[in-house]
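A closer look at the structure
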Amino acid sequence: MSSTGSSTVAAVPPVTEVPPPPSRWRGKAIALAFLTPAIFFLTVWVIYPAFRTLIRSFYSDQGGNFVWFENYEALFTDEQVQTAIKNNVIWILVVPAGVTALGLLFAVLTERVPWASAFKVAVFVPLAVSLFAVGVIWRIMYQQDPDRGAINAGIVAVQGIFTEQGALTTAKPSTDDLTGSPQGGLRLERTLAPGGVALLGLTAIKAGELPAEPEQAVTPQAIPDGITGVVWRDFKPGGGTPGEVEADEAGLGGVTVKLRSAETGDTLGSTTTEKDGSFAFDGVPTGNYRVAIGKETFAKPFQGFNWLGDSLITPSLLIAFLWVQAGFAMVITAAGLAAIPRDLQEAARTDGGSEWQVFRRITVPLLAPVLTVVLVTQIIGVLKVFDIVISIVPSSGRDSATVIAVEMYEKSFSGQNRFGFGAAISVFMFLLFVPFLIANIRRFRREN
Amino acid sequence: MRKHRLLLLLALLVGALSLLAAGCGGGDDESDEGAAGTTEAATTEAEESISGSIRIAGLWTGGEGDSFKAVLDGYRAKYPDVTVTYQPAGEDLPTILATGVEGGNPPDLASLSSPGVIKDFAERGALQPIDFATEGILENYSQSFVDLTTFDGKTYGVVFKGANKSTVWYNTQAFEDAGVEPPTTWDEFLEAGETLKASGVTPYSIGAADGWTLTDLFENVYLRTAGPEKYDQLATHEIPWTDESVKEALGEMAKVFGTDSIAGGTSSALQTDFPTSVTQVFTDPPKAAIVMEGDFVGTFINTETKAKVGEGADVFTFPSINDSPPVVVGAGDSIVMFKDSPAARAMIEYLATPEAAELWAKRGGFSSPNKSLDDSVYPDDTTRKLASELAQAETFRFDLSDLQPAALNDALFTELANFVKNPADIDGVSSKLEAAAVKAYK
């Protein structure tokens, strides 16, 4: 700017050492005019709040009292802030490295697959969705109940192909006569000799598993050389008397009943109940027997992973975040990949280098500056991660999933009104950024 | 060529957005002014002595926001020279108020649901006392409501909207199938739970992802097992959270928390939010038969599920435990004043009148603690029954968690959620609550 200004007055008599004052003033005025809006907004929205926060952090929560470093001491005693710091460490260890690796992988792969653009768009799209919306989506997908959460629903669907679900998944014995547990199978504790009658009452059968056309359960007649019995829903409105086959209680058809030897426990035979719940084993020799319903009748469908529970919540958050950021890393890395000279790779291939060697010794080193950019951006992004945590974590899991930025918000704004402490957490966060900021500035300088 | 196309696209986008923004803004203005205009013409006794402008920040958004606007129209008709702006802040309200006070620019008036927060603001000198209105308030409210917002002898708010939280909602079909009648005692209630279980329906739906549903349950049990005096002592931390009475109440509560008694089991309940905890009771087949929450569940059933109160859904009063007399746990949104002005004072006085309450009550979804309000204005019998239980209650106690400092309130949410995970750990939960209380009350 100022050099072009001096050239216009070059014709004026030879006082070349001192540039003419009016033009210098003018150049500065123009520069100032261009800078003023930026300076104004930076001052109002960045510099003033930053200093105000710094000062605020030395005052008590309600303002008024100067408390020196009390708020900073609290950083090291407050349990939730401690958890937050631990969680942030996990985030820093996993996310930047994971995102960079995924980005590199996708970028290299998309160079070789057909439909590369479509693939790139699919990976990139999550970045175009607001992080909060992403959080809401994942929170719903992570629900444990397979009826609500898509991920568990998918797992259940796959699981369903390989394992069979029982006919009575929720049933329980109605009296203590039946022992064992539905998970391990139920058996009638009493031993029976030929001529005996077994009453196998079940309750807590859920709506979808009740017989569609209920048939009154009947106590079967005893037969001299066999064992008979009934499997029935031992419940009628109001409860009824447990252990008794009463009017309005339906038989349960299609249940597999087993006959076992009382001494050895070996299964000697099995049969299936009629619609009224009755069953019979004919031609049973003298001896003692037990009647049982195998555990496969009660086999429950897979209950789903507890994604939002204490132990899985942070990994769940990391997966969602990686899903979003992989697209960013892929685009940056792909741009870098397009810019590196191909002849080096060609040369290496001609010299007999394998693809893996070319990738490791040529591509990655050439991409290093780009990968650093991705890594540093991600570290900064992860240090201040907030929206995805707020939107995915239900309040019952907030304690185990919290991160520093969330704690800052919780302490100051969620009704606790601990502004002094909140300000101290902000300053602490800023201090964490400083090394990466310096590294970034240095890199910019070097590049210029 | 390509550049031009991009520019065109950008221009279209900006145009569309500004049209949208103008559309929304325009609509709002219109409805506000239109409403004010008609009511202005309708009233004859408009008081023109007061003028100015006031801003009210409130919790109520959506349908509730519209109802509150209808109440404000009544004020506008009375004081046509006052400009009233309503800022529906929803859940952000505490944040807006806290930052407004910190920055020296709070709204003139605000609705606050927690007396603990009101006390907090009052102690910081952010609120103006409303003693000028107490006489009028006492005419219409029972003393216990006035006491809620009175600190150091000065009254800081008037409870405008109440909530009866001693209610239990159930799926009538599930009760019928199991042959269960609405219980009146806790033992009957637990027995009904067992019968429901045997019939194949999970008895209880718990929205434990929202901590307040758990504190409401605890409060209802505690008020009945320990009695109102202990309740008051616990509310002010005169007795510790490790007191035997707390452990007894937790023990009763644990009877509900068996993993096969809660819809979806324990871990799923911890991810179930309040809205889901209601809707899953009224689906077909139901995931549970009973949801224990306040009168506002009724509106929610009518709008968000296929059932209607009276058709498929009904309500009974929270059962009595060990012959406890009828008691009501409730909540309420109070109007408080941050900036004193004649217009703001007039608003406080107006909102304490039965006329103001009526404007919302007849629209439904509202229980007024104003005992001068004629209960014939309520739209249906269920609302009327629950509202009069609240306004006429002999023993009314405010939601205990709302009376606590925010930090202890948070701890209550977390610890009760932990209690759902492990209902055997009564001692652990009570001692952790006590530790949090000591910290919060120091």
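Relevant structure appears above.
Below: a short report on this structure. (Residues numbered from 1 in each chain as written. Chains lettered and ligands numbered in written order. Predicted model: local features only at pLDDT ≥ 70, side-chain atom pairs only at ≥ 80, totals over all residues. Heavy atoms only, no water.)

Our next topic: the interface of chain B and chain A. Facing 37 residues of chain B, the contacting portion of chain A comprises 36 residues. For the pair chain B and chain A, the summed buried area comes to about 2700 Å², and 44% of that belongs to carbon and sulfur atoms. Put simply, chain B and chain A have 5 salt bridges between them. Residues D310 of chain A and K421 of chain B are paired through a salt bridge, measuring 2.7 Å at the closest nitrogen-oxygen approach. (Contact = heavy atoms within 4.5 Å. Buried area = accessible area lost by both parts, 1.4 Å probe. Salt bridge = Lys/Arg side-chain N within 4 Å of Asp/Glu carboxyl O.)

Let us look at the packing of aromatic side chains. Scanning the model with the defined rule gives 47 aromatic pairs over all chains in all. Ring centres 5.0 Å apart and planes at 50° place the aromatic pair W212 of chain B and F274 of chain B in the tilted group. Here F274 of chain B lies in helix α12 (residues 274–279) and W212 of chain B lies in helix α9 (residues 211–235), a separation of 62 residues in the sequence. Within the aromatic cluster, the residues linked to one another by ring pairs are Y170, F175, W186, F189, Y204, F316 and F318 of chain B. For the cation-ring pair, R443 of chain A lies above F444 of chain A, with the distance from its terminal atom to the ring centre recorded as 5.4 Å. (Phe/Tyr/Trp six-rings, centres within 6.5 Å; stacked < 30°, edge-to-face > 60°. Helix = DSSP H or I, 4+ residues; strand = E, 2+ residues; numbered from the N terminus. Lys NZ or Arg CZ within 6 Å of the ring centre and 35° of its normal.)

Our next topic: unusual backbone geometry. Residues apart from glycine generally show negative phi values, whereas peptide bonds are mostly found in trans. D284 of chain B connects to P285 of chain B through a cis peptide bond whose omega is -5°. Take P285 of chain B: it is sitting in the loop between α12 and β9 (290–291). The phi angle at W68 of chain A is positive, at roughly 55°, despite the residue not being glycine. Mapping W68 of chain A onto the fold places it in the loop between α2 (21–56) and α3 (70–75). On the accessibility criterion, W68 of chain A (58% relative accessible area) is exposed. With a phi angle near 55°, D152 of chain B is a residue other than glycine that sits in the positive phi range. Of note, D152 of chain B is situated in the loop between β4 (150–151) and β5 (154–155). Given the relative accessible area of 82%, D152 of chain B is considered exposed. (Buried < 20%, exposed > 50% of the residue type's maximum accessible area, 1.4 Å probe, protein only.)

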